[in-house]
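Secondary and tertiary structure notes
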Amino acid sequence: FNIFENAILPICSKAESIKNKLLELGATHALMSGSGPSVFGVYNTEKDAKDAVDALRHKGYFAFFSTPQKSI
């Protein structure tokens, strides 16, 4: 949950569009990061995440793949 989404998404249609696109591309969760306008998606598999990155880049968005840092 990000309380800033209520204030930012209605006035930043691109961030809302990207969030919806992440969900359409199979994200189990999509959320605006911090006070925005960065948005991230959580995927069940690495392949799904990388496919989403490719799809977003193909549409001209700046997108990248990341994995959680492993505990030491």
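The coordinates are above.
Residues numbered from 1 in each chain as written. Predicted model: local features only at pLDDT ≥ 70, side-chain atom pairs only at ≥ 80, totals over all residues. Heavy atoms only, no water.

**Re helix 2 (residues 13-24)**
- Between its terminal C-alpha atoms helix 2 stretches 16 Å, which fits the 16 Å expected from twelve residues at 1.5 Å a residue.
- On its buried face, helix 2 is in contact with helix 1 (5-8), strand 1 (29-32), strand 2 (39-42) and helix 3 (46-58).
- Positive phi shows up at Gly26, right after helix 2, with a value of about 100°. (Helix = DSSP H or I, 4+ residues; strand = E, 2+ residues; numbered from the N terminus. Expected span 1.5 Å × (residues − 1). Contact = heavy atoms within 4.5 Å.)

**Brief notes about the pattern of salt bridges**
- In this structure the tally under the stated criterion is four salt bridges.
- Lys47 serves as the salt-bridge partner of Asp51, at 2.7 Å between the closest nitrogen and oxygen. With Asp51 and Lys47 both in helix 3 and four residues apart, the pair spans about one turn of that helix.
- What makes Lys47 exposed here is its relative accessible area of 55%. (Salt bridge = Lys/Arg side-chain N within 4 Å of Asp/Glu carboxyl O. Buried < 20%, exposed > 50% of the residue type's maximum accessible area, 1.4 Å probe, protein only.)

**So, the nonpolar core**
- Ile18, Leu22, Ala27, Ala30, Tyr43, Ala49, Ala52, Val53, Leu56 and Ala63 together form the largest nonpolar core, which totals ten residues.
- Breaking this core down by element, the ones donating at least two residues are helix 2 and helix 3.
- Ranked by the residues each element gives to this core, the list is headed by helix 3, at four residues.
- Apart from residues lying up to four places away in sequence, Ile18 is in contact with Val39 and Tyr61. (Core = buried A, V, L, I, M, F, W, Y, C linked by side-chain atoms within 4.5 Å.)

**Brief notes about the side chain of Asn2**
- With respect to the secondary-structure elements, Asn2 resides in the segment before helix 1.
- Separated by 2.8 Å, the side chain of Asn2 and the backbone nitrogen of Phe4 make a polar contact.
- A distance of 2.8 Å separates the side chain of Asn2 from the backbone oxygen of Met32, its partner in a polar contact.
- Leaving out residues up to four positions away in the same chain, Asn2 has contacts with Leu31, Met32, Ser33 and Gly34. (Polar contact = N/O pair within 3.5 Å; in protein donor to acceptor, adjacent residues only side chain to side chain.)

**Remarks on the packing of aromatic side chains**
- For the structure shown, the criterion picks out one aromatic pair.
- Ring plane angle 55° and centroid distance 6.1 Å describe the contact between Phe62 and Phe64, whose orientation is recorded as tilted. Like Phe62, the residue Phe64 is exposed in the burial classification.
- A cation over an aromatic ring shows up here: Lys50 above the ring of Phe65, its NZ or CZ 5.0 Å from the ring centre. (Phe/Tyr/Trp six-rings, centres within 6.5 Å; stacked < 30°, edge-to-face > 60°. Lys NZ or Arg CZ within 6 Å of the ring centre and 35° of its normal.)

By themselves, these are just geometric observations and shouldn't be taken as functional.
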